[in-house]
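Coordinate inspection notes
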Amino acid sequence: MTARLLPGAPVAEAVLADVTARAARLREAGVVPSLATILVGDDDASAGYIRIKQRQAAELGFESPHRHLPADATQAELHEVIAGFNTDKTVHGVLIQYPIPGHLDYDAALQTLDPDKDVDGMHPLNMGRLAVGLPGPLPCTPAGIEALLAHHEIPVAGREVVILGRGATLGRPLAMLLAQKRPTANAAVTVVHTGVADWPRYTQRAEILIAAAGVPGIIQPEHVKPGAVVIGAGVRYEGRRLLPDVDEACAEVAGAITPRVGGVGPTTVAMLFRNAIQAAERTLL
Ligand SMILES: NC(=O)c1ccc[n+]([C@@H]2O[C@H](COP(=O)([O-])OP(=O)(O)OC[C@H]3O[C@@H](n4cnc5c(N)ncnc54)[C@H](OP(=O)(O)O)[C@@H]3O)[C@@H](O)[C@H]2O)c1
C-alpha cells in the first residue's frame, strides 16, 4: 500500500486567503492589523524566520513593527520591549522569536506578554483557556494539525487518536484540542511518552497516529496500523538537515501520511496569522 499524501500548503493557502479577506475588511473599518516581532541576538536562522514572517505579514495586509535586541540584552530590556507592545493599542499580536540567547528566560518573558496578543498561543493563560474551553489564541502547531485533518476531510470525531509525546508545545495541547467537543475534534485521545515503555501497543491500534516526540525515525512501519492516518509533527534539525520522527517506510503501511517536508510546518505559520487577525478583530468588539 502507498499512502495518500497530506500536504500542508493547501491548508495554509486556504487559511491565509481567509486572513487576507478579514484584514481587508478590518482596514475598511479603520483598523490596520499589526503583528509585532521581537528578535534577540544574531542567529541567522531566526533572523531569516522573522524576515519570512514580515514579508508574509505585508502580503496579508498587516503592519509588522519590529524590535531587534542585541545578543547581550538583559531580561529587563526584553521585558521592557514586550511591555511597550503590550500598551501599544495599534499592535494586536506579538511574536517573540524562539530561541532566545541562553542567558535569557523565554518562559518568564512570555509570561509578561498580554495573553490577548500572544499569537503563538503559548502563554500559560491561553493554555488554561484551552484546558477549560474558553476562547483565546490557540497554540499554532496543534491548531494547524486540526486544520490539516479537517482540510483533507479526515474524520476525527469518535476515532482513536494516539499522540506520541506530551511536550508543552505540541503533544499536551494537541491532546486537549482534539478531545474538545467540536465536529473537527471530539476524538478518543491517548497520549504516550517515555513513561509508557510498551507505547507501540497503543500506536498499533491508532486510527490517527501523531508523532510529536522529536526523535528521528522513532515511528517505524511496525508501529502503524495498516490503513491508519499518520501525522509527522516531531522533527529534529541537524544543521540544516531535517530529521522527522516518522520513517519514510511508514507510507507503505499507512492509508494517508504527511509528506517528509511540507506537512505540518506550513499550517503552523498560517495559524500564527489566524491568531493575529482574531486579535485585531477583537479591537472592534
Ligand atoms: N512542525 C512544527 O511546526 C513543530 C512545531 C512545534 C514543535 N515541533 C516538534 O515537535 C516535537 C515535540 O516538541 P515539544 O516541544 O513538545 O518537545 P518535548 O517537550 O521535548 O516533548 C517530547 C515528547 O516526546 C516524548 N519522547 C521523547 N522520546 C521518546 C521515546 N523514546 N519514547 C517515547 N516518548 C518519547 C517525551 O516523553 P517524556 O515527556 O516522557 O520525556 C516528550 O513527551 C519536536 O520535534 C519539535 O521540533 C514541530
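Residues numbered from 1 in each chain as written. Predicted model: local features only at pLDDT ≥ 70, side-chain atom pairs only at ≥ 80, totals over all residues.

Concerning the overall build of the protein
- Helix and strand content of the protein: nine helices and 11 strands.
- Computed over C-alpha atoms, the radius of gyration of the protein comes to 19 Å, within 12% of the 19 Å expected from 2.2 N^0.38 for 285 residues, which places it in the range of a compact globule.
- Dimensions of the protein, computed from the C-alpha atoms along their principal axes, are close to 50 × 40 × 35 Å.
- Looking at the 285 residues of the protein, the share that counts as buried comes to 41%.
- At a minimum sequence separation of 6, the contacts of the protein that also span at least 24 residues come to 71%. (Helix = DSSP H or I, 4+ residues; strand = E, 2+ residues; numbered from the N terminus. Rg over C-alpha atoms; globule rule 2.2 N^0.38 Å. Buried ≥ 20, exposed ≤ 12 C-beta atoms within 10 Å, placed from the backbone. Contact = placed C-beta atoms within 7 Å.)

Observations concerning the site of the ligand
- Around the ligand sit 25 residues in total, of which Gly165, Gly167, His193, Thr194 and Gly214 are the nearest.
- Of all the elements, helix α9 (residues 264–282) adds the most residues to the shell around the ligand, at three residues.
- Each residue belonging to the shell around the ligand can be placed in one class, and the counts come to 11 nonpolar, 12 polar and two charged. (Near = placed C-beta within 6 Å. Nonpolar A, V, L, I, M, F, W, Y, C, P; charged D, E, K, R; others polar.)

Observations regarding the packing of helix α6 (residues 140–151) against helix α7 (residues 171–178)
- For the pair α6 and α7, the least separation of the axes is 8 Å and the interaxial angle reads 45°. Relative to α7, α6 is oriented oblique. Handedness of the α6/α7 crossing: right-handed. Of the residues in α7, those touching α6 at Pro142, Ala143, Ile145 and Glu146 are Pro173, Leu174, Leu177 and Leu178.
- In terms of residue class, the contact of α6 with α7 is built from seven nonpolar, no polar and one charged. (Axes fitted to C-alpha atoms, helices over the stretch in contact; angles between N-to-C directions. Parallel < 35°, antiparallel > 145°, perpendicular 65-115°, else oblique. Left-handed = near helix turned anticlockwise from the far one by under 90°.)

Digging into the domain arrangement of the protein
- The domain boundaries assigned to the protein delineate domain 1 (31–114) and domain 2 (139–266).
- A separation of 29 Å is found between the C-alpha centroids of domain 1 and domain 2. (Domains from an automatic or database assignment.)

Details of helix α3 (residues 75–87)
- The end-to-end C-alpha distance of α3 is 19 Å, a good match for the 18 Å that 13 residues give at a rise of 1.5 Å each.
- Among the residues making up α3, those that are buried are Leu78, Val81, Ile82 and Phe85. On an axial view of α3, the arc spanned by its buried residues comes to 95°, and they lie on one face. α3 presents Ala76 and Thr87 as exposed residues on the side facing more than 90 degrees away from its buried surface.
- Residues of α3 that are buried sit in contact with β2 (35–40), β3 (66–69), β4 (93–96) and α4 (106–112). (Expected span 1.5 Å × (residues − 1). Arc of directions from axis to C-beta.)

Examining the sheet that holds β4
- One open sheet holds the three strands; their spatial order is β3-β2-β4, and the pairing between them is parallel. Only two strands of the sheet have a single neighbouring strand rather than two, namely β3 and β4. Sheet twist, expressed as the mean angle between neighbouring strand axes with direction ignored, is 15°.
- As defined by bridge partners, β2 adjoins β3 across four bridges and the pair is classed as parallel. Following the sheet pairing, Val40 is matched in β3 by Leu69.
- Together, β2, β3 and β4 form the strand contacts of helix α2 (residues 44–60), whose direction differs from that of β2 by roughly 170°. (Pairing = 2+ DSSP bridges.)

Notes on the sheet that holds strand β11 (residues 256–257)
- Pairing is parallel across the open sheet formed by six strands, whose spatial order is β1-β11-β8-β7-β5-β6. On the outer flanks of this sheet lie β1 (4–5) and β6 (188–192), each paired with one strand and no other.
- For strand β7 (residues 208–211) and strand β8 (residues 229–232), the ladder comprises four bridges, and the chain directions are parallel. Bridge assignment links Ile210 to a residue of β8, and that residue is Ile231.

Describing the UniProt feature "domain: Tetrahydrofolate dehydrogenase/cyclohydrolase NAD(P)-binding" (unreviewed entry) in the protein
- Residues given the UniProt feature "domain: Tetrahydrofolate dehydrogenase/cyclohydrolase NAD(P)-binding" (unreviewed entry) here are residues 139–282.
- Along residues 139–282 one finds 30% helix and 19% strand; the C-alpha atoms at either end are 18 Å apart. (UniProt positions renumbered as here; feature names shortened; annotations may be inferred.)

A short note on the nonpolar core
- With 79 residues, the main nonpolar core has Val94, Val161, Ile163, Ile210, Ala211 and Val230 as its most contacted residues.
- The element best represented in this core is α9, accounting for 10 residues.
- Looking at this core, you find at least three residues from each of domain 1 (31–114) and domain 2 (139–266).
- With sequence-adjacent residues up to four places away left out, Ile210 is seen in contact with Ile145, Val161, Ile163, Leu174, Ile231 and Ala233. (Core = buried A, V, L, I, M, F, W, Y, C linked by C-beta atoms within 7 Å.)

A few points about the environment of Thr267
- Considering the arrangement of structural elements, one finds Thr267 in helix α9.
- The spacing of Thr267 and Ile145 is 122 residues in sequence and 7.2 Å in space, taken between C-alpha atoms.
- Those residues in contact with Thr267 that sit more than four places away from it in its chain are Gly8, Val11, Ala12, Gly144, Ala147 and Leu148.

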